[in-house]
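Per-entry structural report
Next come the chains, spelled out residue by residue.
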Amino acid sequence: MNIGEKIKRLRKLRGMTQKELGIALGIPKDTASVRIAQYEGNYRVPKKERIQDIARILEVETRCITIPDEHKEDDISYLLLEMEEMFPRLALKKDNKGRLLLDFQNHKIDTFLGQWNKKEMNLRMDL
């Protein structure tokens, strides 16, 4: 996923329009949605400072927009091992249907996942 796709995904996750994001960045109203569309379509790449502003407005770390994500399904084992190192309290549990679940036992991550789940459910209901 490239930078433009990440911006679009995060913007939609936050329930913002292109125009709203552009205005929040200080872009004039009449060109705000065009500029964000250019970023999202990869016709323009925002400068480092602009990416930092976008990340702040979308309430994410800058690296969520800038770090390449070329992971494939085969990489999941490696990623799980990395997460185990990063989150020593990480636990694998089964729910009542026998599905395996990851429990990070980390307040910040739990809060994010709860918000993400709520937003995801709302988006599905809108479809």
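Residues numbered from 1 in each chain as written. Predicted model: local features only at pLDDT ≥ 70, side-chain atom pairs only at ≥ 80, totals over all residues. Heavy atoms only, no water.

Once that is clear, we can look at the overall build of the chain. Assigned secondary structure in the chain consists of seven helices and two strands. Its helices and strands taken in sequence order, the chain reads α-α-α-α-α-α-β-β-α from the N to the C terminus. Taken against the 2.2 N^0.38 rule, which gives 14 Å for 127 residues, the C-alpha radius of gyration of the chain at 17 Å runs more than 25% over that of a compact globule. Along the first, second and third principal axes, the C-alpha set of the chain runs to 50 × 30 × 25 Å. Counting the 127 residues in the chain, one finds 23% classified as buried. If you take every contact in the chain between residues at least 6 apart in sequence, the share linking residues at least 24 apart comes to 39%. (Helix = DSSP H or I, 4+ residues; strand = E, 2+ residues; numbered from the N terminus. Rg over C-alpha atoms; globule rule 2.2 N^0.38 Å. Buried < 20%, exposed > 50% of the residue type's maximum accessible area, 1.4 Å probe, protein only. Contact = heavy atoms within 4.5 Å.)

With that settled, the discussion passes to the environment of Gln 18. Along the polypeptide, Gln 18 turns up in helix α2 (residues 18-24). Sequence separation of Gln 18 and Ser 33 is 15 residues, and the distance between their C-alpha atoms is 4.7 Å. What Gln 18 contacts, discounting residues up to four positions off in sequence, is Arg 11, Ala 32, Ser 33, Ile 36, Ala 37 and Glu 40. Within the structure, Gln 18 has its side chain in polar contact with the side chain of Glu 40 (distance 2.7 Å). (Polar contact = N/O pair within 3.5 Å; in protein donor to acceptor, adjacent residues only side chain to side chain.)

The subject of this paragraph is the nonpolar core. Ranked by internal contacts, the top residues of the largest apolar core, which has 16 residues, are Ile 7, Leu 21, Leu 25, Ile 36, Ile 54, Leu 58 and Ile 65. Those elements that provide at least two residues to this core are α1 (3-13), α3 (29-40) and α4 (48-57). Counting residues per element, this core draws most heavily on α4, at four residues. Excluding its chain neighbours within four sequence positions, the residues that come into contact with Ile 36 are Arg 11, Gln 18, Leu 21, Gly 22, Leu 25 and Ile 27. (Core = buried A, V, L, I, M, F, W, Y, C linked by side-chain atoms within 4.5 Å.)

Now for α1. Buried residues of α1: Gly 4, Lys 6, Ile 7, Leu 10, Arg 11 and Leu 13, and no others. Check the buried side of α1 and you find it contacts α2, α3, α4, α5 (63-66) and α7 (107-126). With a side-chain oxygen lying 3.1 Å from the backbone nitrogen of Gly 4, the N-terminal cap of α1 falls on Asn 2. Within two residues after α1, Gly 15 carries a phi angle of roughly 75 degrees, on the positive side.

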